[in-house]
Amino acid sequence: MATSENFEFIIRNFELDSDYYSETVGFVVQQSVAGYRINRDKFYAPRFMPMPLNFSFDEELMAQLLWLRCNRKRLFQKILKAIDVFFEAYYNTPAVCPSARVLLQVNAFEILLDLSSRTDFKNKLESLCTYKGEKKYSYYYEKHDPRIKKTVREKERRTLKGIWADRFYVLRNHIIHGRVVKPMDFISRQHQRHFDIALLFWVFRFYCG
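Note that the coordinates shown come from a computational prediction; the quantities given were computed from them, not determined experimentally.

Peer 1: Any chance you could explain the pattern of salt bridges here in plain terms?
Peer 2: Oppositely charged side chains are able to pair whenever their charged atoms sit close together. This structure, assessed with the given rule, holds 15 salt bridges. Between R12 and E23 there is a salt bridge; the shortest N-O distance is 2.7 Å. Residue R12 is located in the segment before strand 1 (13–14), and its partner E23 is located in strand 2 (residues 20–25); the two are separated by 11 residues in the primary sequence. When its relative accessible area of 24% is taken as the criterion, R12 is described as partly exposed. Of the charged contacts, one joins D166 and K122 as a salt bridge, the two residues approaching to 3.1 Å between their closest N and O atoms. Taken together, the residues D166 in helix 5 (residues 160–176) and K122 in helix 4 (residues 118–129) connect sequence positions 44 residues apart. Several salt bridges share partner residues, and in doing so they unite R118, K122, E126, E156, R158, D166 and R167 into one network.

Shown next, in the form of structure tokens:
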């Protein structure tokens, strides 16, 4: 498999009549490093970077995206913007913390699906990804009651996909509002990471139209 690191550009500055080249790196503090020699210096990929044997892509999906670029430019730009945000969450480096990944993934869904709320996310995810006759379960979800200015619990019935969407968005809300988030909060049903499930729904969204 591949992660975001596999698709990053590496830029070096050089002159055609010189064996030397330089690079400019950094965001908070930008630094320029010179003195590298083309026939001597090597740059090694970090150990956490996957090394796939080959790259492959879905030709039908690519063809549809190219069609959108020509025929529905605004939708094409929205899809690319959402992909860019999801791309930022998909780095394999441990420098990107789980909280940041959740916020980026939810933001990507918000852009792609034009989300207005957690309920909107649950409804749209179920309408796009639920099969006819899929079983529903009763569960309790968090809801802010403006009358008493407290969080209360209410009951509703949804599919496992809708329940996951609720839990994932609640995790996003807890992170944003500075609530205590424990390591197990990033795990769905004590089994699978929310990060991995979000990726499955993201890919499925493109295939279900």
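Peer 1: Would you take a moment to explain the pairing of strand 4 (residues 137–145) for this structure?
Peer 2: On any regular strand, side chains alternate: one points to one face of the sheet, the next to the other face. As judged from the 9 bridges shared by strand 4 and strand 5 (residues 150–158), these two strands associate in the antiparallel manner. Note that in strand 5 the partner of D145 across the bridge is K150. Between strand 4 and strand 5, which follow one another and run antiparallel, lie 4 residues, and K149 among them has a positive phi close to 55°.

Peer 1: I would appreciate a short explanation of the nonpolar core in the present structure.
Peer 2: In this structure, F109, F121 and W164 are the most contacted members of the largest nonpolar core, which totals 29 residues. For this core, the secondary-structure elements that each account for two or more residues are helix 1 (59–71), helix 2 (73–89), helix 3 (98–113), helix 4, helix 5 and helix 6 (194–207). Here this core takes 7 residues from helix 3, the largest share from any one element. Excluding anything up to four places from it in sequence, F109 contacts D114, L115, F121, A198, F201 and W202.

Peer 1: I'm lost on the sheet that holds strand 3 (residues 31–37) in this one. Help?
Peer 2: Sheet strands pair via backbone hydrogen bonds, and the direction of the pair is either parallel or antiparallel. The strand order across the open sheet formed by 3 strands is 1-2-3, and the pairing between neighbours is antiparallel. One side of each edge strand has no neighbouring strand; the edge strands of this open sheet are strand 1 and strand 3. In the sheet, strand 1 pairs with strand 2 via 2 bridges, with the strands oriented antiparallel. What sits directly across from N13, in strand 2, is S22.

Peer 1: Looking at this structure, I do not really get the pairing of strand 3. What am I missing?
Peer 2: As paired strands, strand 2 and strand 3 are joined by 5 bridges and run antiparallel to one another. Residue Y21 lies in a different strand from strand 3, and its bridge partner there is Y36. What sits between strand 2 and strand 3 in their antiparallel hairpin is a turn of 5 residues, with G26 showing a positive phi close to 105°.

Peer 1: It is not clear to me how helix 3 should be interpreted in this structure. Could you clarify?
Peer 2: Think of an α-helix as 3.6 residues a turn; residues three or four steps apart then line up on the same face. Here helix 3 contains 16 residues, and its C-alpha end-to-end distance of 22 Å stays within 8% of the 22 Å for a straight helix at 1.5 Å per residue. Of the residues making up helix 3, those classed as buried are R101, V102, Q105, V106, A108, F109, E110, I111, L112 and L113. Just past helix 3, the residue D114 takes up positive phi, approximately 55°.

Peer 1: Got a minute to help me understand a positive patch on the surface in this structure?
Peer 2: Residues K135, K136, K155 and R157 make up a contiguous surface patch of positive charge. As for its placement among the helices and strands, R157 is situated in strand 5.

Peer 1: In this structure, what is going on with the confidence of the model for the protein chain? I would like to understand it.
Peer 2: Detailed reading of predicted coordinates is not advised where the pLDDT is low. Averaged over every residue, the pLDDT of the protein chain is 91; residues scoring 70 or more account for 98%. When pLDDT is averaged over each helix and strand of the protein chain, the minimum, 82, is found for strand 1 and the maximum, 97, for helix 3.

Analysis parameters
- Residues numbered from 1 in each chain as written.
- Predicted model: local features only at pLDDT ≥ 70, side-chain atom pairs only at ≥ 80, totals over all residues.
- Heavy atoms only, no water.
- Salt bridge = Lys/Arg side-chain N within 4 Å of Asp/Glu carboxyl O.
- Helix = DSSP H or I, 4+ residues; strand = E, 2+ residues; numbered from the N terminus.
- Buried < 20%, exposed > 50% of the residue type's maximum accessible area, 1.4 Å probe, protein only.
- Pairing = 2+ DSSP bridges.
- Core = buried A, V, L, I, M, F, W, Y, C linked by side-chain atoms within 4.5 Å.
- Contact = heavy atoms within 4.5 Å.
- Expected span 1.5 Å × (residues − 1).
- Patch = residues over 30% accessible without salt bridge, like charges linked within 9 Å, V, L, I, M, F, W, Y side chains within 5 Å.
- Areas by Shrake-Rupley, 256 points an atom, 1.4 Å probe, with all protein chains shown as cover.
- Lys, Arg positive; Asp, Glu negative; His and termini not counted.
- Charge placed at Lys NZ, Arg CZ, Asp CG, Glu CD.
- pLDDT = per-residue confidence, 0-100.

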